[in-house]
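Examination of the molecular architecture
Listed below are the residues making up each chain.
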Amino acid sequence: MNPTQVQGYLAGIEPLNGANYLKWRSHMDIVICYLEYDIALREPMPQKPVDNFNRSEKQSFYKWEKANRMSIMITRGAIPDAIRGGIPMKDMAKEHLNVIKSQFMSSTKSMVSAYMSQLTSMRYSGDGSVRYHILQMEDLIYRLRGLDMNLNDDYLVKLAQEKLQEIRKEQETSGTEKETPNDESEVNKNGKKFPLPWKPP
């Protein structure tokens with residue numbers, strides 16, 4: 001495997017940042033496995049060769065040592081310069097990846113928690129259209145999907161319907177109708193029809 005090929009694989013990995021650790025790690029595992037260096041992540045370091053080691057034992061060690069060294073180089077090559085300097089170096093690729101995980105998983109979990117809290121607590125203020133309000137919810141769901149949260153379209157529709165009921169109750173209480181959503185509007189997604197609280201454009 002020449003350096004140009006390795007660089008080509010790295011170019012396909014989205015640079016690591018504070019929000020994409022899970023996706024980045026998944027891509028890293030795929031690349032390291034494809035290049036057959038994952039032995040350094042799956043198996044402990046063999047004993048260093050001594051005089052009485054046979055050829056097979058020596059080859060096993062040197063194979064693992066190369067896989068470990070290359071895995072570290074590939075990992076650091078997929079991290080932007082601005083972030084790389086803040087990540088301590090480790091001699092073992094597995095330990096190095098664990099350090100990266102400890103630094104970025106906490107921020108990922110915090111972002112998931114913040115987005116979920118914002119999504120479930122959103123209230124329609126009465127200003128602007130209901131459609132815009134639902135689109136804001138959809139944007140949060142796409143952000144959560146980017147953090148490997150499995151939220152499908154059914155979840156968005158369910159939330160939209162709940163928000164629609166809240167809006168109607170508020171309108172009935174206040175006696176105002178700033179916008180009357182259309183229950184009969186439908187959109188075809190993945191071969192199924194879902195009721196939406198707005199008319200498609």
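Data block above holds the structure.
Residues numbered from 1 in each chain as written. Predicted model: local features only at pLDDT ≥ 70, side-chain atom pairs only at ≥ 80, totals over all residues. Heavy atoms only, no water.

1. Some words on the packing of helix α2 (residues 21-34) against helix α4 (residues 55-77)
This is how it is decided: Structural elements are reduced to axes, namely lines fitted to C-alpha atoms, with helices fitted over the stretch in contact, and the angle between N-to-C directions of any two is expressed from 0 to 180 degrees. A run of H or I in DSSP becomes a helix once it reaches four residues, and a run of E becomes a strand once it reaches two; helices and strands are each numbered from the N terminus. Here is the rule for handedness: rotate from the far helix to the near one, and if that takes an anticlockwise turn smaller than a right angle the crossing is left-handed, while a clockwise turn gives right-handed. Contacts: residue pairs with any heavy atoms within 4.5 Å of one another. Gly is placed with the polar residues, together with every amino acid not listed as nonpolar (Ala, Val, Leu, Ile, Met, Phe, Trp, Tyr, Cys and Pro) or charged (Asp, Glu, Lys and Arg).
Across the interface, α2 lies against α4 with an axial gap of 11 Å and an inter-helix angle of 145°. Crossing handedness for the pair α2 and α4: right-handed. In this structure, α2 uses Trp 24, Met 28, Val 31 and Ile 32 to contact α4, whose residues at the interface are Ser 71, Ile 74 and Thr 75. Classifying every residue of the contact of α2 with α4 gives five nonpolar, two polar and no charged.

2. Details of the packing of aromatic side chains
For clarity, the threshold we go by: Any two of the Phe, Tyr and Trp rings considered here, Trp counted by its six-membered ring, make a pair once their centres fall within 6.5 Å; the pair's planes then place it as stacked at under 30 degrees, edge-to-face at over 60, or tilted in between. With a 1.4 Å probe rolled over the protein chains alone, any residue whose accessible area is under 20% of its type maximum counts as buried; one over 50% counts as exposed, and the rest are partly exposed.
According to the stated counting rule, one finds two aromatic pairs in the structure shown. An angle of 35° between the planes, with centres 6.2 Å apart, marks the rings of Tyr 21 and Trp 24 as tilted. On the criterion of helical spacing, the pair formed by Tyr 21 and Trp 24 is a turn pair, its members being three residues apart in helix α2. Taken as a pair, Tyr 21 and Trp 24 share a single burial class, namely buried. Judged by centre distance (5.5 Å) and plane angle (70°), the ring pair of Phe 61 and Tyr 62 falls under edge-to-face. Residue class for Tyr 62 comes out partly exposed when judged on its relative accessible area of 46%.

3. Thoughts on unusual backbone geometry
Its identity as a non-glycine residue notwithstanding, Glu 36 has a phi of 65°, on the positive side. Mapping Glu 36 onto the fold places it in the loop between α2 and α3 (39-42). What makes Glu 36 exposed here is its relative accessible area of 61%.

4. Here we look at the nonpolar core
Nonpolar side chains tend to gather and get buried jointly when the protein is soluble and globular. Applicable threshold: Working definition of a nonpolar core: buried Ala, Val, Leu, Ile, Met, Phe, Trp, Tyr and Cys residues. They are joined through side-chain atoms within 4.5 Å.
Core analysis: the largest hydrophobic core is formed by 27 residues, its most contacted members being Trp 24 and Ile 100. At the level of secondary structure, the elements contributing two or more residues to this core comprise α2, α3, α4 and α6 (93-121). Residue contributions to this core peak at six residues, all from α6. The contacts of Ile 100, once residues within four sequence positions are left out, are Leu 16, Tyr 21, Trp 24, Thr 75, Ile 79 and Ile 87. Counting residues in each nonpolar core, the second largest holds eleven residues, with Tyr 115, Leu 119, Leu 144 and Leu 159 among its members.

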